[in-house]
Amino acid sequence: MARFAARGLRVGVVIAFAAGALLVSLLFAITAYVATRHYTVDQRERAMLHQTYTDAAHVRRALLNDADPQAVLDGLPRSSRAT
C-alpha cells in the first residue's frame, strides 16, 4: 500500500510540475504575441501617417505652383493595400 501511495505522490508531483510549466509557457507566449502585435501595429500606423504627411506636403507644393490637381493626385504613389 505504501508503494502505491509513493507512486501516486510521484505522479501527482510530475503532473503538477507539467501543469505549472504549461501555464508559464502560455503566459510567455501570450505576452510575446501581444507585445509584438502592439509594436507592429504602432509601427504601421506611424509609417502610414508619415506617408500621408509627405503626400500632403507634395500636393500642397504642387498646387501652389499652379499644377493640374488631377495630375498631381495621379502622380502620388499608390499603396498596394489601398481599396
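What counts and how
Residues numbered from 1 in each chain as written. Predicted model: local features only at pLDDT ≥ 70, side-chain atom pairs only at ≥ 80, totals over all residues. Heavy atoms only, no water. Helix = DSSP H or I, 4+ residues; strand = E, 2+ residues; numbered from the N terminus. Buried < 20%, exposed > 50% of the residue type's maximum accessible area, 1.4 Å probe, protein only. Areas by Shrake-Rupley, 256 points an atom, 1.4 Å probe, with all protein chains shown as cover. Lys, Arg positive; Asp, Glu negative; His and termini not counted. Salt bridge = Lys/Arg side-chain N within 4 Å of Asp/Glu carboxyl O. Polar contact = N/O pair within 3.5 Å; in protein donor to acceptor, adjacent residues only side chain to side chain. Contact = heavy atoms within 4.5 Å. Patch = residues over 30% accessible without salt bridge, like charges linked within 9 Å, V, L, I, M, F, W, Y side chains within 5 Å.

Moving on to the overall build of the protein chain. Each helix and strand in the protein chain was counted, giving 2 helices and 0 strands. Counting the 83 residues in the protein chain, one finds 6% classified as buried. When the accessible area of the protein chain is evaluated, it comes to approximately 7,700 Å², of which 66% is carbon and sulfur surface.

This next bit is on the side chain of Asp55. Mapped onto the secondary structure, Asp55 falls in helix H1 (residues 2-64). We note that Asp55 is buried and unpaired, the nearest opposite charge coming from Arg61 at a distance of 8.6 Å. Only 2.8 Å separates the side chain of Asp55 from the side chain of Gln51, close enough to count as a polar contact. Apart from the residues within four sequence positions on either side, Asp55 is in contact with Leu76 and Pro77.

The subject of this paragraph is a nonpolar patch on the surface. A contiguous nonpolar patch, built from Leu22, Leu23, Leu26, Ile30, Tyr33 and Val34 and spanning about 640 Å² of accessible area, is present on the exposed surface. The residue Leu22 is located in helix H1 in this model.

Turning next to unusual backbone geometry. Not every positive phi belongs to a glycine, and Asp66 is a case in point at roughly 60 degrees. Tracing the backbone shows Asp66 in the loop between H1 and helix H2 (69-74).

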